[in-house]
Amino acid sequence: MKKYIYKKPEVLLDTSSGFCGGCGHGIVTKIIAELIDEMGLQENGIIVWPIGCSCSAHRIFRMDQMIALHGRAPAVATGLKRVEPGKFIIVYQGDGDLVSEGMAEIMHASIRGEKFSVVFLNNAIYGMTGGQVAPTTLIGQYAKTAPAGRSPVNTGYPIGMAETLSHIRGVIYSERVTVTSPARIAAAKKAIRKAFELQLEGKGLSFVEVLSPCPTNWGMSPVKSLEWIEDEMTKEYPLGVFKDTENEVPQ
Amino acid sequence: MGEKVFMQGNMALAESAIRAGCKLFCGYPITPSSEVAEYFARAMVERPEEGITFIQAETEVSAFNMIAGGAAAGHRVMTATSGPGFDLGQEAMSYMCAGELAGVIVDIMRPGPGDGELMASQGDYYQVTRGGGHGDYRTIVLAPYTVQEMCELMQEAFVLAQKYNNPVVLASDGNLAKLMESVELPGYTEVPVPSEQRNAMRGCGKTREPHKVRTGMNGEAEVNERNLYLQSKFRRIAENEARFENYMTDDADIVMVCWGSFSRVCMEAMERAREEGIRAGLIRPITLWPFPEKAFEGLDGKKFLVCELNAGQMIDDVKLTIENKHDVYLFNRYGSSLPRPKEILAEIRKIAESLR
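Observations regarding the interface of chain A and chain B
Often, the extent of an interface is quoted as the loss of accessible area on bringing the components together. On the chain B side, the residues contacting the 29 residues of chain A number 34 residues. Only β1 (45–49), β2 (64–67), α2 (73–83) and α4 (103–111) of chain A provide two or more residues apiece to the side of chain A that touches chain B. No other element matches α2(A), which puts eight residues into the side of chain A that touches chain B. Pairing geometry for β2(A) and strand β9 (residues 212–213) of chain B, over two bridges, is parallel. Within β9(B), the position partnered with Gln65(A) by the bridge is Lys212(B).

Side note on unusual backbone geometry
Residues and elements named next belong to chain B. A cis amide bond, omega 0°, links Gly 112 with the succeeding residue Pro 113. With phi around 55°, Glu 100 is a residue other than glycine that occupies positive phi space. Secondary-structure assignment places Glu 100 in the loop between α5 (90–99) and β5 (104–109). When the 19 C-beta atoms within 10 Å are taken as the criterion, Glu 100 is described as partly exposed. Despite not being glycine, Asn 199 has its phi angle at roughly 65°, a positive value. Checked against the element boundaries, Asn 199 lands in the loop between β8 (180–184) and β9. Since 15 C-beta atoms lie within 10 Å of it, Asn 199 is described here as partly exposed.

Some remarks on the packing of helix α3 (residues 60–72) of chain B against α5(B)
Each packed pair of helices is defined by two parameters, the angle between the axes and the distance between the axes. Residues and elements named next belong to chain B. Their axes nearest at 9 Å, the elements α3 and α5 cross at an angle of 20°. Taken together, the axes of α3 and α5 are roughly parallel relative to one another. The interaxial crossing formed by α3 with α5 has right-handed handedness. Together, Phe 64, Asn 65, Ala 68 and Ala 71 of α3 and Ala 92, Met 93, Tyr 95 and Met 96 of α5 make up the contact between the two elements. Its residues assigned to classes, the contact of α3 with α5 comprises seven nonpolar, one polar and no charged.

What to know about the sheet that holds β1(A)
A sheet is described by the order of its strands in space; here eight strands give the open sequence β7(A)-β5(A)-β6(A)-β4(A)-β3(A)-β1(A)-β2(A)-β9(B), paired in mixed fashion. Where the open sheet ends on each side, the last strands, each with one partner, are β7 (240–244) of chain A together with β9 of chain B. In the sheet, strand β5 (residues 171–178) of chain A pairs with strand β6 (residues 205–211) of chain A via seven bridges, with the strands oriented parallel. Residue pairing in the sheet places Ser174(A) in a bridge with Phe207(A) of β6(A). Together, β3 (88–94), β4 (117–122), β5 and β6 of chain A form the strand contacts of helix α7 (residues 182–201) of chain A, whose direction differs from that of β5(A) by roughly 165°.

Re the domain arrangement of chain B
All names here are of chain B. When cut into domains, chain B gives domain 1 (4–196) and domain 2 (245–355). Between the C-alpha centres of domain 1 and domain 2 there is a distance of 28 Å. Residue-level contacts link 22 residues of domain 1 with 22 residues of domain 2. Counting residues per element, the ones that place at least two in the side of domain 1 that touches domain 2 are α6 (125–129), β6 (140–142), β7 (168–173) and α8 (174–178).

What about the sheet that holds strand β2 (residues 22–27) of chain B?
All names here are of chain B. If you walk across this open sheet you meet the seven strands as β3-β2-β4-β5-β7-β6-β13, and the pairing is mixed. Each edge of the sheet is formed by a strand with only one pairing partner; in this case those strands are β3 (53–56) and β13 (287–289). Strand-to-strand twist across the sheet, computed as the mean angle between neighbouring axes with direction ignored, equals 20°. Across the sheet, helix α7 (residues 147–164) lies against β2, β4 (76–81), β5, β6 and β7, angled at about 160° from β7, the strand it touches most.

Let's talk about the environment of Leu345(B)
Residues and elements named next belong to chain B. Mapped onto the secondary structure, Leu 345 falls in helix α12 (residues 341–355). Taking the C-beta count within 10 Å as the criterion, Leu 345 has 21 such neighbours and is therefore assigned buried. On a C-alpha basis, the gap between Leu 345 and Tyr 28 in space is 40 Å, while along the polypeptide they are 317 residues apart. Beyond its immediate sequence surroundings of up to four residues, Leu 345 is in contact with Ala 269, Arg 272 and Ala 273.

Notes on the packing of α2(A) against α3(B)
Orientation of α2(A) relative to α3(B), taken along the N-to-C sense of each, is 45°, at an axis distance of 6 Å. Considered as vectors, α2(A) and α3(B) are oriented oblique to each other. Judged by the twist between their axes, the crossing of α2(A) over α3(B) is right-handed. Packed against α2(A), whose contacting residues are Ala75(A), Val76(A), Ala77(A), Thr78(A), Gly79(A), Leu80(A), Arg82(A) and Val83(A), the element α3(B) presents Ser62(B), Asn65(B), Met66(B), Ile67(B), Ala68(B), Gly69(B), Gly70(B) and Ala72(B) at the interface. Grouping the amino acids of the contact of α2(A) with α3(B) by side-chain chemistry returns nine nonpolar, six polar and one charged.

What counts and what doesn't
- Residues numbered from 1 in each chain as written.
- Chains lettered and ligands numbered in written order.
- Predicted model: local features only at pLDDT ≥ 70, side-chain atom pairs only at ≥ 80, totals over all residues.
- Contact = placed C-beta atoms within 7 Å.
- Helix = DSSP H or I, 4+ residues; strand = E, 2+ residues; numbered from the N terminus.
- Pairing = 2+ DSSP bridges.
- Buried ≥ 20, exposed ≤ 12 C-beta atoms within 10 Å, placed from the backbone.
- Axes fitted to C-alpha atoms, helices over the stretch in contact; angles between N-to-C directions.
- Parallel < 35°, antiparallel > 145°, perpendicular 65-115°, else oblique.
- Left-handed = near helix turned anticlockwise from the far one by under 90°.
- Nonpolar A, V, L, I, M, F, W, Y, C, P; charged D, E, K, R; others polar.
- Domains from an automatic or database assignment.

In structure tokens:
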């Protein structure tokens, strides 16, 4: 008897995503695809994509989908979810989109406690436009618009969104994960599953930040990129659950 | 038609929108539009049977994007703002046009530029007809001159938006917004099932073809294909939806061209001119886009007096339409308060003198 040990999620189409080799978007979008299958979300689910590298993922999903304008996905999702509260809404955003152009939108969707899930991919750089400094770029990290490395004098300091949003009452769940190893990927999937389950309970905004490699714009090999996340990025952005209204997080 | 009431413009507008089946209102407070938001907020609380959602957005940027989300699910949605908020919404309008999302946007104009002032103006003519968003897009613009007409056009706006899957703008102003007038409220209209609207976001399951709202394009072929498609739709709108009213233009020597609440002052001036034996007529565009070119047919050789509460913006469309700038005169003020009919009459007399 044939026994499947691995198969492609049914919600994914037989086409290329267009992501670079070693990019974390491929891993994170596949986690989402697996959860859509496992939780049966295709029937009722809608994905709202942002502008940035991630928006090319719409090509690989067999789902109803919208691509919002840069930074505005939480606002678009707000309108959508409010008129169709029975639908399952996944918002996917990168760091240029969520932290820079769309800071107001994510903050206020959180303040209002909108009942959708946000998966936030943080790779500490602008990917699609080719490697400019992001609000999440580490101090000293090279970027095309910070050629001597990010300096606090010019561009200030990195911001931890998982921590920031955890202070907002409308946010019911906030966790930071990464995808640097099979164990980390399994933990990331568990976090996103939890965020999705909480949306089904309809209590508020659930948020998962994923530290993700961008070998192309970091100028590193895919393997070195994973090491850099573990060695450098997690110092600025520690992994963990920052808010879980069901289970109080020890401070 | 529904009952006859004495009602403020903004409130009558909001009530008409509710009766047209508007289910989502998102807006940011700005004078002189705020009563519209307040009316929806009250309706959400006091009339639960209507199933209205009201959201006070953090910015107009968000308000416009929120209604884009609601429109994507096939619902009737709207926002109301004034010029300094309308400009923030224009990125979303370009997006809604490209993504074929139907929504209604009310711009209650006030004087500018900048922060300007709070009363009546027509300074947003360029903004509502040309738009400040990027790319080649068009939106139908309806410009009522009475509270009654505003109520009717408000309902029409939702129908047109869903007919063409395109945003529709209703251009009101500080006068119409605050004016209390006797009005026969329109009745409730039939609302199409949201999930059956073309390309509605609803969840596709394993068998239905997925719906997608995507405004990005890849390569020259896709840029051409998308734009040619949209342009053919805009041409169809231009051919079918231009509206206007002509008053005594047939025998007129001088034809005034004016729009919105300011037309009421111009009509008074026209009547007084007629009493003096000056053959004055008047064209009132009801759609600012498409601009009603038909209104000017058969009027070659007449003098045109364009009357506006701005530096002269619609006058461009008049000159383009008649392809002659020599016979076009401008009477303008910059808004806040309305000029008196006698001021316009003085201008009409001057043109009449030159014809002798």
